[in-house]
Amino acid sequence: MGLLYYILKRIFFGILVIFGVLTLTFLITKIIPQNPVAVWLGLEGMQYPELVKQVTELWKLDRPIWEQYIYYVGNVLRGDFGRSSWSRGPVIADLAARFPATVELSIFAFLIAMSIAIPTGILSAVYRDKPIDHFSRILSVVGISGPSFWWGIIFLYIFYLQLGFAGSGRIGEGMSPPITVTGFYLIDSLIEGRLDKFIDVLSHIFLPALTLGIGATGFTSRLTRSALLEVLRKDYIKTARMKGLRERVVIYRHALRNALIAPVTYMGLLFGSMLGGSVFVETVFTWRGMGQYIVTAIFASDYPALLATTLVIAIIYSVANIIVDLLYTVIDPRVRVG
Amino acid sequence: MKFDKDSPRIRELKLTLYVIRKSKMAMVSICVLLFFFTIAILAPVLSPYDPTEVHPAEIFMPPSSKYPLGTDYLGRDNLSRILYGARYSMFASLLVVVLTVLIGMPIGAVSGYLGGKVDETLMRITDIILSFPGITLALLLAYVMGRGIFSAALALSLTGWTSMARIVRGVVLSEKGKDYVIAARLIGKNDFQILFGEIMPNCMYPVIIQAVMMMGTVIISLAGLSFIGVGVQPPEPDWGVIIAEGRQYLLEYPWLSILPGILMITVVLSYNLVGDRLRDALDPRLRGELAAK
């Protein structure tokens, strides 16, 4: 079977799962203890049976459930996630503004996590059972054991309240957000040509990104360590040493390449952990992204917004997983056998 | 099973316990967990006050003999709130894991044993649930079912059973072709007897390990749901709720938020350490090595 077959198969199953996700959220809309028409019209509007009938027909709520399902899927495919029962605007507009904030934060968190985890993982493996190994083990184990919202609060207390670093929000209070081109403040501020804004945005993203990445950092650091130790026992490493290569070359040129396959495999999973963790971290740092939107929707009993955001996050995660799998299939031929 | 001191199962169990006892770290962790369970059970006896009782004249009191850990923004006793909070963290998490096993184990077993269409369908359902990252789906479900600790626990079980089901399915898949299963079929046992009488006892170890490993994550998730506002509802004193309330007064009274987090890390860390050792101690290859050390 060719590579193309596997890629198509993976995409097909990915789409199947996304439809499953859609079905699940649709079913949840059917079981929620809230009448969407009543929420939309309010107490006053409900007194006019004409109006109630009109809205019910408009939203096809009087139709059989499978017709409602088709209507729902059609709407989602067209990017219509309904209207927020709180702000009354289309949910998609709110999401469009918040989507880049979460993605920017997640990507930055991912970069920070990797740039801490991989070097410490390598050091732990190279200096196995030395103080630095114990130190990084304790740090990652304790980091994983604490809830991210708590770490966020601790970081805010130490770095913001005590040391005066940039605190919550995406940009300093005195500054206006950069012009919207990509929605990523880091990129937009550079496009605008304002280095001071860029630095301000950078200082604001650092703490939330560090917090969001804590779990991934601890996990990847441990994984890199064990993967590298495993590889260092292999015969080809012995051969490389016997050839008289320097230890540095053996570790960084020969061993590391194979050792890093394991952490790379988990990239999709780690990205998912960040999307999920954004709910907490964005709340703590008042970061106006999708995670915070979920929480505000909960407080406002805004079902359409809550459901739509959860759905969008699940779709992003599924697509990210498909991409990681596809990349992996291309990189590592062994995967195709499975 | 009649009790026989020299039966292989008993010997195995003794060896496992011996390996666990040899690890100081694991023993300390077990003691820590027992300590927190004791606190949770004895909270009504140990607490000097009712955890929701407000003392409007005495808000933000520093630690004193009257209030050993001070009071919060409503003048409630912090010590009593933290002691009562242990009940949610220790017991609600246990409930979640038990429910997870009860849902996930039969599904995984049937999926692996029957294979084919049933397996395909059930595994696609787990795929769908796993497509929601982190606790987003649990958050949604908990909210739909109505805020409160039982909705939160049920929501986490309804999303968490997938990992348990996959583990059990894996074990059943690798066991179902073995000779003892064929022998059981030859002597006329039906599918139900074979699956639950013959194969399932072999799932016990992986299930126990996974259950202990899950505890930490579940405690963090439960506290997270309470922190967001869909779990334990104020004024009830969950650790997540206490952290959320303390956050408003972080600059002046950081300890309100910091202390519950430290306790939570201690408990989660202990579960993880016990889980790690348990996994090694139940691994037939590692066990002998560790016992000989």
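Preceding block: the structure.
Not measured: the values here are computed from a predicted model.

J.: Could you clarify how one ought to interpret the overall build of chain B in this entry?
T.: Counting its secondary structure elements, chain B contains 12 helices and 0 strands. Along its sequence from the N terminus, chain B presents helices and strands in the succession α-α-α-α-α-α-α-α-α-α-α-α. Seen through its C-alpha atoms, chain B measures out along the principal axes to roughly 80 × 45 × 30 Å. With 293 residues in all, chain B has 52% of them scored as buried. If you take every contact in chain B between residues at least 6 apart in sequence, the share linking residues at least 24 apart comes to 69%. Of the roughly 13600 Å² that chain B leaves accessible, carbon and sulfur atoms contribute 67%. Of the side chains in chain B, 27 bear a positive and 23 a negative charge, and the two mean positions are spaced by 8 Å.

J.: How should the side chain of A:Glu104 be read in this particular structure?
T.: All names here are of chain A. In this fold, Glu-104 is placed in helix H5 (residues 91-126). Using a relative accessible area of 4% as the deciding quantity, one classes Glu-104 as buried. When near neighbours in sequence (up to four residues on either side) are disregarded, Glu-104 contacts Arg-170, Phe-184, Tyr-185, Leu-186, Ile-187 and Ile-205.

J.: Looking at this structure, how should I read the packing of aromatic side chains?
T.: Two aromatic rings are characterised by how far apart their centres lie and by the angle between their planes. All names here are of chain A. If you walk through the whole model with that rule in mind, you get 20 aromatic pairs over all chains. Taken together, a centroid distance of 5.2 Å and an interplanar angle of 65° make the contact between Phe-26 and Tyr-69 edge-to-face. Note that Phe-26 is positioned in helix H1 (residues 3-31) and Tyr-69 in helix H4 (residues 65-77), a separation of 43 residues in sequence. With relative accessibility at 23%, the residue Tyr-69 sits in the partly exposed group. Aromatic rings pair up to connect Trp-150, Trp-151, Phe-155, Phe-159 and Phe-165 into one cluster.

J.: What exactly am I supposed to notice about the pattern of salt bridges here?
T.: Pairing between side chains becomes possible if they bear opposite charge and their charged atoms approach one another. Residues and elements named next belong to chain B. Considering all chains together, one arrives at 22 salt bridges over all chains under this definition. Salt-bridge contacts for Arg-166 lead to Asp-127; the nearest nitrogen and oxygen are separated by 2.6 Å. Placement of Arg-166 in helix H6 (residues 149-175) and of Asp-127 in helix H4 (residues 116-130) is noted, with a sequence separation of 39 residues between them. The partly exposed category is assigned to Arg-166, whose relative accessible area is 35%. Among the ionic contacts, a cluster of salt bridges with common partners joins Asp-72, Arg-76, Arg-81 and Glu-245.

J.: Is there a simple way to think about the packing of helix H3 (residues 78-114) of chain B against helix H8 (residues 191-199) of chain B in this case?
T.: The description of two packed helices rests on the angle between their axes and on the distance between the axes. Residues and elements named next belong to chain B. Between H3 and H8, the least distance of the axes is 11 Å, while the angle of their chain directions is 120°. Taken together, the axes of H3 and H8 are oblique relative to one another. In the packing of H3 onto H8, the handedness of the crossing is right-handed. Residues Ala-109, Val-110 and Tyr-113 of H3 form the contact with H8, whose participating residues are Asp-191, Ile-194, Leu-195 and Ile-199. The residue inventory of the contact of H3 with H8, partitioned by class, reads 6 nonpolar, no polar and 1 charged.

J.: In this structure, what is going on with a nonpolar patch on the surface? I would like to understand it.
T.: Residue and element names in this part refer to chain B. Together, Ile-41, Leu-42, Val-45, Leu-46, Phe-91 and Leu-94 line one region of the surface with nonpolar side chains, adding up to about 520 Å² of accessible area. Residue contributions to the nonpolar patch peak at 4 residues, all from helix H2 (residues 24-46). On the secondary structure map, Leu-42 appears in helix H2. According to the relative accessible area criterion, Leu-42 is partly exposed, its value standing at 34%.

J.: Just to check I follow, could you spell out the environment of B:Gly70 for this structure?
T.: Residue and element names in this part refer to chain B. Looking at the secondary structure, you find Gly-70 in the loop between H2 and H3. In this structure the C-alpha to C-alpha distance between Gly-70 and Ser-111, which are 41 residues apart in sequence, comes to 54 Å. If sequence neighbours within four positions are ignored, Gly-70 has contacts with Met-61, Pro-62, Pro-63, Arg-76, Asp-77 and Asn-78.

J.: How should unusual backbone geometry be read in this particular structure?
T.: Leaving glycine out, the prevailing phi sign among residues is negative, and the prevailing peptide bond configuration is trans. For the bond running from B:Pro234 to B:Pro235, omega is 10°, close enough to zero to count as cis. Among the secondary structure elements, B:Pro235 is positioned in the loop between helix H9 (204-228) and helix H10 (239-247). Positive phi values are uncommon outside glycine, yet A:Thr286 reaches one of about 35°. When you line up the elements, A:Thr286 lands in the loop between helix H14 (267-284) and helix H15 (290-299). Of the residues examined, A:Thr286 reaches a relative accessible area of 38% and is grouped as partly exposed.

J.: How should helix H12 (residues 247-259) of chain A be read in this particular structure?
T.: Think of an α-helix as turning once every 3.6 residues; residues three or four places apart then point the same way. All names here are of chain A. Taking 1.5 Å per residue, 13 residues should reach 18 Å; H12 reaches only 16 Å between its end C-alpha atoms and comes up short. When H12 is considered as a whole, its buried residues turn out to be Val-250, Ile-251, Ala-255, Leu-256 and Ala-259. Each buried residue of H12 lies within a common arc of 140° when the element is viewed along its axis, so the set occupies one face. Of the exposed residues in H12, those oriented more than 90 degrees away from the buried face are Arg-253 and Arg-257.

Reading the values: rules and limits
- Residues numbered from 1 in each chain as written.
- Chains lettered and ligands numbered in written order.
- Predicted model: local features only at pLDDT ≥ 70, side-chain atom pairs only at ≥ 80, totals over all residues.
- Heavy atoms only, no water.
- Helix = DSSP H or I, 4+ residues; strand = E, 2+ residues; numbered from the N terminus.
- Buried < 20%, exposed > 50% of the residue type's maximum accessible area, 1.4 Å probe, protein only.
- Contact = heavy atoms within 4.5 Å.
- Areas by Shrake-Rupley, 256 points an atom, 1.4 Å probe, with all protein chains shown as cover.
- Lys, Arg positive; Asp, Glu negative; His and termini not counted.
- Charge placed at Lys NZ, Arg CZ, Asp CG, Glu CD.
- Phe/Tyr/Trp six-rings, centres within 6.5 Å; stacked < 30°, edge-to-face > 60°.
- Salt bridge = Lys/Arg side-chain N within 4 Å of Asp/Glu carboxyl O.
- Axes fitted to C-alpha atoms, helices over the stretch in contact; angles between N-to-C directions.
- Parallel < 35°, antiparallel > 145°, perpendicular 65-115°, else oblique.
- Left-handed = near helix turned anticlockwise from the far one by under 90°.
- Nonpolar A, V, L, I, M, F, W, Y, C, P; charged D, E, K, R; others polar.
- Patch = residues over 30% accessible without salt bridge, like charges linked within 9 Å, V, L, I, M, F, W, Y side chains within 5 Å.
- Expected span 1.5 Å × (residues − 1).
- Arc of directions from axis to C-beta.

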